[in-house]
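Here are the chains, one letter per residue:
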There are 10 protein chains.
Amino acid sequence: MLFHVRMDVKIPHDLPADVAADILAREKAYAQDLQKSGKWRHIWRLAGEYANVSIFDVRDNAELHDILSGLPLFKFMEIKVTPMLRHPSSIRDDDT
Amino acid sequence: MLFHVRMDVKIPHDLPADVAADILAREKAYAQDLQKSGKWRHIWRLAGEYANVSIFDVRDNAELHDILSGLPLFKFMEIKVTPMLRHPSSIRDDDT
Amino acid sequence: MLFHVRMDVKIPHDLPADVAADILAREKAYAQDLQKSGKWRHIWRLAGEYANVSIFDVRDNAELHDILSGLPLFKFMEIKVTPMLRHPSSIRDDDT
Amino acid sequence: MLFHVRMDVKIPHDLPADVAADILAREKAYAQDLQKSGKWRHIWRLAGEYANVSIFDVRDNAELHDILSGLPLFKFMEIKVTPMLRHPSSIRDDDT
Amino acid sequence: MLFHVRMDVKIPHDLPADVAADILAREKAYAQDLQKSGKWRHIWRLAGEYANVSIFDVRDNAELHDILSGLPLFKFMEIKVTPMLRHPSSIRDDDT
Amino acid sequence: MLFHVRMDVKIPHDLPADVAADILAREKAYAQDLQKSGKWRHIWRLAGEYANVSIFDVRDNAELHDILSGLPLFKFMEIKVTPMLRHPSSIRDDDT
Amino acid sequence: MLFHVRMDVKIPHDLPADVAADILAREKAYAQDLQKSGKWRHIWRLAGEYANVSIFDVRDNAELHDILSGLPLFKFMEIKVTPMLRHPSSIRDDDT
Amino acid sequence: MLFHVRMDVKIPHDLPADVAADILAREKAYAQDLQKSGKWRHIWRLAGEYANVSIFDVRDNAELHDILSGLPLFKFMEIKVTPMLRHPSSIRDDDT
Amino acid sequence: MLFHVRMDVKIPHDLPADVAADILAREKAYAQDLQKSGKWRHIWRLAGEYANVSIFDVRDNAELHDILSGLPLFKFMEIKVTPMLRHPSSIRDDDT
Amino acid sequence: MLFHVRMDVKIPHDLPADVAADILAREKAYAQDLQKSGKWRHIWRLAGEYANVSIFDVRDNAELHDILSGLPLFKFMEIKVTPMLRHPSSIRDDDT
C-alpha cells in the first residue's frame with residue numbers, strides 16, 4: 001500500500017554541531033536500510049529546499065507510523081502523509 | 001530530469017456529459033502514450049480526491065510545459081510543479 | 001485500517017431541486033449500507049456546517065477510494081483523508 | 001454531547017528530558033482515566049504526526065474545557081475543538 | 001451553553017430579486033423569534049461586511065445545528081461555530 | 001461603540017513562573033476593573049484554547065487601543081479587533 | 001475617527017456592460033460627494049489591481065457601515081476594515 | 001524603476017472561443033509592443049501554469065498601472081506587483 | 001510616488017529592556033525626521049496591534065528601501081510594501 | 001534552463017555579530033562569482049524586505065540545488081524555486 005510523504009527538516013540553529021552530525025548519520029543509515037527492504041520505495045530531494053518527497057510501500061497505517069516516528073530526525077521534521085493508490089490511467093499493474 | 005507534479009481536476013458541473021467524456025478519453029490515451037515513452041514515470045491517484053501525483057522525467061522545463069499544457073484536461077486542472085533531484089541518501093543511482 | 005475523512009458538501013445553487021433530491025436520497029442509502037457492513041464506522045454532523053466527519057475501517061487505500069469516489073455526492077464535495085492508527089494511550093485494543 | 005478535538009503536540013527541543021518524560025507519563029494516566037470514565041470516547045494517532053484526533057462525550061462546553069486545560073501537555077499543544085452531533089444518515093441512535 | 005457564531009452571507013448575484021427579498025424577510029422574522037425566545041442572545045453587524053457575529057445560548061450542539069440549518073439564508077452563508085464558556089476573569093456568573 | 005476583540009495568549013515556556021503569576025494576577029484585576037466600568041462588556045473563554053472573545057464598548061478607537069495596549073499580557077498576546085454595530089435584525093436598541 | 005478600508009472589486013464577467021457602466025458612474029459620484037464632505041479622506045489605487053485603499057474619518061462604526069454598505073459596488077466588492085488612531089510618533093495632532 | 005509582476009490567467013470556461021481568441025491576439029501584440037519599447041523587460045512562462053512572471057522598467061507606479069490595466073486580459077487575470085531595486089550584491093550597475 | 005507600508009513589530013521577549021528602549025527612542029527620532037522632510041507622509045497606529053500603516057512619498061523604490069532598511073527596528077519588523085497611485089475617483093490632484 | 005528563486009533571509013537575533021558578518025561576506029563573494037559565471041543571471045532586492053528574487057540559468061535541477069544549498073546563508077533562508085521557460089509572447093529567443 002502506497003503513501004506519499006513529504007518531510008521538511010527544521011534543525012534548530014543552536015543544536016550543537018556534533019549532536020546534529022550524529023543524528024544525520026543515523027538518519028542516513030536508517031533510510032538506506034528501509035530502502036533496501038523495499039518499504040521506502042523512493043526518496044527525492046526538492047531543489048533548493050531542505051526537504052524530501054518519499055514514496056512508502058507498507059502493510060498498513062501503523063507500519064508507516066512506526067517507520068516515520070522512528071526516524072532519528074523525527075522531532076525536527078514536519079511530515080505530511082497522503083495515502084495513494086493505483087491510478088486508472090496507469091499502464092503498470094505493479095505501481096500500485 | 002525529474003519533476004513532481006500534482007494535478008487537481010475541477011470539471012465544471014454544467015459541462016455537457018458528452019464533452020466531458022470525450023476529454024477524459026483523450027486524457028487517458030495521452031497519459032498512457034507518455035508513460036510508454038518513459039517521460040511520465042509514475043502516476044498515482046490520491047485517496048478520496050479527484051487528483052493525482054505524477055513524476056515526470058523530461059529533458060528540461062520547456063518539454064515539461066509542452067507536455068502539461070497539452071493535456072486535454074489542462075484548462076480544468078490546477079497544476080503544481082516541483083523540481084526534484086537525486087537524494088544523497090538514495091541507494092539508487094538511476095532514481096535521479 | 002482506520003481513516004479519518006472530512007466531507008464538505010457544496011451543491012451548486014442552480015442544480016434543479018429534483019436532481020438534488022435524488023442524489024441526496026441515493027447518498028443516504030449508500031451511506032447506510034456501508035455503515036451496516038462495518039466499513040463506515042462513524043458519521044457525525046459538524047454543528048452549523050453542511051459537512052461531516054467520518055471514520056472508515058477498510059482493507060486498504062484502494063478500497064477507501066472506491067467507497068469515496070462512489071458517493072453520489074462525490075462531485076459536489078471537498079474530501080480530506082487522514083490515515084489513523086491505534087494511539088499508544090488508548091485503553092482499547094480494538095479501536096485500531 | 002460530542003466534540004471532535006485535534007491536538008498537535010509541540011514540545012520545545014530544549015525542554016529537559018526528565019521534565020518531558022514526567023509530563024508524558026502524567027498525560028497518559030490522565031487520558032486513560034478519562035477514557036475509562038467514558039468522557040474521552042476515542043483517541044487515534046495520525047500517521048506520521050505527533051498529533052491525535054479524539055472524540056469527547058461531555059455534559060457541556062465548560063466540562064470539555066476543564067478536561068482539556070487540565071491536560072499535563074496543555075501548554076505544549078495546539079488544540080482545535082469542533083462541536084458535533086448525530087448525523088441524519090447515521091444508523092445508530094447512540095452515536096450522537 | 002454559549003456558542004460564538006460568525007455568518008458570512010454570499011448571495012449569488014444572479015438570484016432573482018424577488019426570491020432574495022423573500023428569503024431576507026423570512027430570515028429577519030426567524031432571527032427575531034429566536035432572539036425573543038432567548039436562544040439567540042446577541043447579533044451584531046460587522047462594519048463594512050455582509051456578515052454578523054452572534055451569540056447563541058442553547059441546550060446542546062444538536063439544538064444549535066437545528067437553529068442554524070433552519071436559517072432561510074443557510075445555503076447562502078458560510079458559518080463558523082466556536083464553543084464558549086464563562087471566563088475565569090468574568091465578574092458575572094450569568095454570562096455563562 | 002462596540003468592538004469584537006479576540007485575544008490569543010502565548011506565554012513563552014521559559015518565562016519564570018513567578019513572573020508569569022504576577023502578570024496573570026495583574027491581568028485579572030485589570031480586566032475586572034474595566035468590566036465594572038462597563039467598557040469591557042463581555043469576556044468569554046473559547047473551549048480548549050488559551051484565548052478569549054471579548055466585547056468592548058468604548059468612546060472611540062483611541063480609547064480601545066489604550067485599554068488593549070495597557071493589558072499586562074499585551075506583549076504575550078495576538079489581538080484581532082473587529083468594529084461592530086447594531087444589526088438591523090436585532091430586537092434590542094441598546095445592543096449597539 | 002479614522003478607519004483604513006481596503007476594497008477589492010470583483011465584477012462578474014457576465015454582468016451586462018450597460019449595467020456595469022451605470023454602477024461605476026454612480027460609484028464615482030458617491031465617492032466624490034463623500035470626499036467633498038471630508039468623511040472619505042483619502043482614496044488610492046493599488047498598482048496593477050482593481051482595488052483601492054481608503055481612509056475614512058467618521059463619527060462611529062455605524063456611520064462607516066452606512067457609507068460602505070451604500071456603495072453602488074458594495075455587492076461586488078470584498079471590503080476589509082481596520083480601525084486606526086493617532087500614532088505616538090506622529091508629528092501631527094490632527095492626523096488623528 | 002523595476003517591478004516584479006506575476007500574472008495568473010483565469011479565462012471563464014464559458015467565454016465564447018472567438019472572443020477568447022481575439023483577446024489573446026490583442027494581448028500578444030500589446031505585450032510585444034511594450035517589450036520593444038523597453039518598458040516590459042522580461043516575460044517568462046511558469047512551467048505547468050497558465051501564468052507568467054514579468055519584469056517591468058517604468059517611470060513610476062502610475063505608468064505601471066496604466067500598462068497593466070490596459071492589458072486586454074486584465075479582467076481575467078490575478079496580478080501581484082512587487083517593487084524591486086538593485087541588489088547590493090549585484091555585479092551590474094544597469095540592472096537597476 | 002506613493003507607497004503603502006504596513007509594519008508589524010515583533011520584539012523578542014528576551015531582548016534586554018535597555019537595548020529595546022534605546023532602539024525605540026532612535027526609531028521615534030528617525031520617523032519624525034522623515035515626517036518633517038515630507039517623505040513619510042502619514043503614520044497611523046492600528047487599534048489593538050503593535051503595528052502601523054504608513055504612507056511614503058519617495059522618489060523611487062530604491063529610496064523607499066533605503067528608508068525602511070535604515071529603521072532602527074528593521075530587524076524586528078515584518079514589512080509589507082504596496083505601490084499606489086492617484087485613484088481616478090479622487091477629487092484631489094496632489095494626493096497622488 | 002531558467003529558474004525563478006525567491007530567498008527570504010531570517011537571521012536569528014541572537015547570532016553573534018561577528019559570525020553573521022562573516023557569513024554575509026562569504027555570501028556576497030559566492031553570489032558574485034556565480035553572477036560572473038553566468039549561472040546567476042539576475043538578483044534584485046525587494047523593497048522593504050530582507051529578501052531577493054533571482055533568476056538562475058543552470059544545466060539541470062541538480063546543479064541548481066548544488067548552488068542553492070551551498071549558499072553560506074542557506075540555513076537561515078526560506079527558498080522557493082519555480083521552473084520557467086521562454087514565453088510564447090517574448091520577442092527574444094535567448095531569454096529562455
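Residues numbered from 1 in each chain as written. Chains lettered and ligands numbered in written order. Predicted model: local features only at pLDDT ≥ 70, side-chain atom pairs only at ≥ 80, totals over all residues. Heavy atoms only, no water.

### Here's the deal with the overall build of chain A
Scanning chain A from N- to C-terminus turns up two helices and four strands. Structurally, chain A occupies a C-alpha span of about 50 × 25 × 20 Å along its principal axes. Within chain A, buried positions represent 56% of all 96 residues. In chain A, once contacts between residues fewer than 6 apart in sequence are set aside, the share between residues at least 24 apart is 68%. Summed over its atoms, the accessible surface of chain A is roughly 4,100 Å², and 52% of this surface lies on carbon and sulfur atoms. (Helix = DSSP H or I, 4+ residues; strand = E, 2+ residues; numbered from the N terminus. Buried < 20%, exposed > 50% of the residue type's maximum accessible area, 1.4 Å probe, protein only. Contact = heavy atoms within 4.5 Å. Areas by Shrake-Rupley, 256 points an atom, 1.4 Å probe, with all protein chains shown as cover.)

### Observations regarding the interface of chain B and chain A
Contacts between the two partners involve 29 residues from chain B and, on the opposite side, 30 residues from chain A. Across the chain B/chain A interface, buried area totals approximately 2,700 Å², and carbon plus sulfur atoms make up 61% of it. When the area that chain B buries against chain A is broken down by residue, the three leading residues are Trp44(B), Arg45(B) and His87(B), summing to 25%. Viewed at the interface, chain A and chain B are joined by zero salt bridges. Scanning the region where chain B abuts chain A turns up 17 residue pairs in polar contact (both at pLDDT 80 or more). Counting only elements with at least two residues in the side of chain B that touches chain A, the list comes to β1 (2-9), α1 (17-37), β2 (40-46), β3 (51-57) and β4 (77-86) of chain B. (Buried area = accessible area lost by both parts, 1.4 Å probe. Salt bridge = Lys/Arg side-chain N within 4 Å of Asp/Glu carboxyl O. Polar contact = N/O pair within 3.5 Å; in protein donor to acceptor, adjacent residues only side chain to side chain.)

### Overview of the environment of Asp8(G)
Residues and elements named next belong to chain G. Within the secondary structure, Asp8 sits in strand β1 (residues 2-9). Given the relative accessible area of 17%, Asp8 is considered buried. Engagement of the side chain of Asp8 in a polar contact is seen with the side chain of Arg6, the distance being 2.9 Å.

### Topic: the pairing of strand β4 (residues 77-86) of chain I
Burial within β4(I) is extensive, with seven of its 10 residues counted as buried. In this structure, strand β2 (residues 40-46) of chain G lies alongside β4(I), joined through three bridges in antiparallel fashion. Looking across to β4(I), one finds that Leu46(G) is bridged to Met84(I). Bridge count between strand β1 (residues 2-9) of chain I and β4(I): seven bridges; the pairing is antiparallel. Bridge pairing links Arg6(I) to Lys80(I) in β4(I). (Pairing = 2+ DSSP bridges.)

### Topic: the sheet that holds strand β2 (residues 40-46) of chain D
Whenever strands of a sheet pair, they do so through backbone hydrogen bonds, lying parallel or antiparallel. Pairing within the closed barrel is antiparallel, and its eight strands lie in the order β1(C)-β3(C)-β2(C)-β4(D)-β1(D)-β3(D)-β2(D)-β4(C). When strand polarity is set aside, the average angle formed by the axes of neighbouring strands in this sheet is 35°. Pairing between β2(D) and strand β3 (residues 51-57) of chain D: five bridges, direction antiparallel. Bridge pairing in β3(D) places His42(D) opposite Ile55(D). Most of the contacts of helix α2 (residues 61-69) of chain A go to strand β4 (residues 77-86) of chain C, to which it runs at about 70°, and overall it touches β1 (2-9) and β4 of chain C together with β2 of chain D. In this fold helix α2 (residues 61-69) of chain D packs onto β1 (2-9), β3 and β4 (77-86) of chain D, with an angle of close to 25° to the strand it touches most, β1(D). (Axes fitted to C-alpha atoms, helices over the stretch in contact; angles between N-to-C directions.)

### Let's talk about the relation of the copies chain J and chain A
Each copy of the sequence occupies a distinct position, and chain J is placed on chain A by a rotation of 72° and an axial shift of 0.0 Å, giving an RMSD of 0.0 Å. Each copy turns onto its partner about a five-fold axis. Within chain J, Asp14(J) has its C-alpha nearest the rotation axis, a separation of 8.4 Å. (Least-squares fit on C-alpha atoms with pLDDT ≥ 70 in both.)

### Here we look at the pattern of salt bridges
According to the stated counting rule, one finds 70 salt bridges over all chains in the structure shown. The closest approach of N and O atoms between Arg86(F) and Asp93(F), which form a salt bridge, is 3.6 Å. Among the charged side chains, a network of salt bridges with common partners joins Arg6(A), Asp8(A) and Glu49(A).

### With respect to the packing of aromatic side chains
Residues and elements named next belong to chain A. Applying the stated criterion across every chain, the model contains 10 aromatic pairs over all chains. Considering the side-chain rings of Trp40 and Phe56, the 4.6 Å spacing of their centres and the 40° angle between planes classify their relative orientation as tilted. Placement of the pair is Trp40 in strand β2 (residues 40-46) and Phe56 in strand β3 (residues 51-57), with a sequence separation of 16 residues. With respect to class, Trp40 is no different from Phe56; both count as buried. (Phe/Tyr/Trp six-rings, centres within 6.5 Å; stacked < 30°, edge-to-face > 60°.)

### Considerations on the relation of the copies chain B and chain A
Screw-axis analysis of chain B against chain A gives a translation of 0.0 Å along the axis, an RMSD of 0.0 Å, and a rotation angle of 180°. Given the turn and translation reported, the copies of this chain are related as if by a two-fold rotation axis. When the interface residues of chain B are mapped onto chain A, 100% of them are again interface residues, pointing to one common binding face.

### Structural notes on the interface of chain J and chain A
Taken together, the contact between chain J and chain A spans 11 residues of the former and seven residues of the latter. Carbon and sulfur atoms make up 66% of the area that chain J and chain A hide from each other, which totals about 650 Å². Remark: the boundary between chain J and chain A carries zero salt bridges. In this assembly, chain J and chain A are joined by one residue pair in polar contact (both at pLDDT 80 or more). Mapped by element, the contributors of at least two residues to the side of chain J that touches chain A are α2 (61-69) and β4 (77-86) of chain J. With four residues, α2(J) is the single largest residue contributor to the side of chain J that touches chain A. When its residues are assigned to classes, the side of chain J that touches chain A shows eight nonpolar, two polar and one charged. (Nonpolar A, V, L, I, M, F, W, Y, C, P; charged D, E, K, R; others polar.)

### Thoughts on the confidence of the model for chain A
Residues at a pLDDT of 70 or more form 99% of chain A, whose mean pLDDT is 96. Complex prediction metrics read pTM 0.96 and ipTM 0.95. (pLDDT = per-residue confidence, 0-100.)

### A few points about helix α1 (residues 17-37) of chain E
All names here are of chain E. In this model, α1 (21 residues) spans 31 Å end to end at C-alpha, consistent with the 30 Å of a helix rising 1.5 Å per residue. When we look at burial in α1, the residues that qualify are Ala20, Ile23, Glu27, Ala31, Gln32, Leu34 and Gln35. Down the axis, α1 shows its buried residues gathered within 165° of arc, on one side only. Seen from the buried face of α1, the exposed residues on the opposite side, beyond 90 degrees, are Asp18 and Lys36. Next to the buried residues of α1 lie β2 (40-46), α2 (61-69) and β4 (77-86). Following α1 by one or two positions, Gly38 adopts a phi angle in the positive range, close to 90°. (Expected span 1.5 Å × (residues − 1). Arc of directions from axis to C-beta.)

### Description of the side chain of His65(B)
Mapping His65(B) onto the fold places it in helix α2 (residues 61-69). Only 2.8 Å separates the side chain of His65(B) from the backbone nitrogen of Gly48(H), close enough to count as a polar contact. Setting aside residues up to four positions removed in sequence, His65(B) forms contacts with Arg45(H), Leu46(H), Ala47(H), Gly48(H), Glu49(H) and Leu85(J).

### What to know about the sheet that holds β2(E)
Ordered in space as β1(E)-β3(E)-β2(E)-β4(F)-β1(F)-β3(F)-β2(F)-β4(E), the eight strands form a closed barrel in which the pairing is antiparallel. For this sheet, the mean angle separating the axes of adjacent strands, direction not counted, is 35°. Packing of α2(D) onto the sheet brings it into contact with β1 (2-9) and β4 of chain E together with β2 (40-46) of chain F, and relative to β4(E) it is tilted by some 70°.

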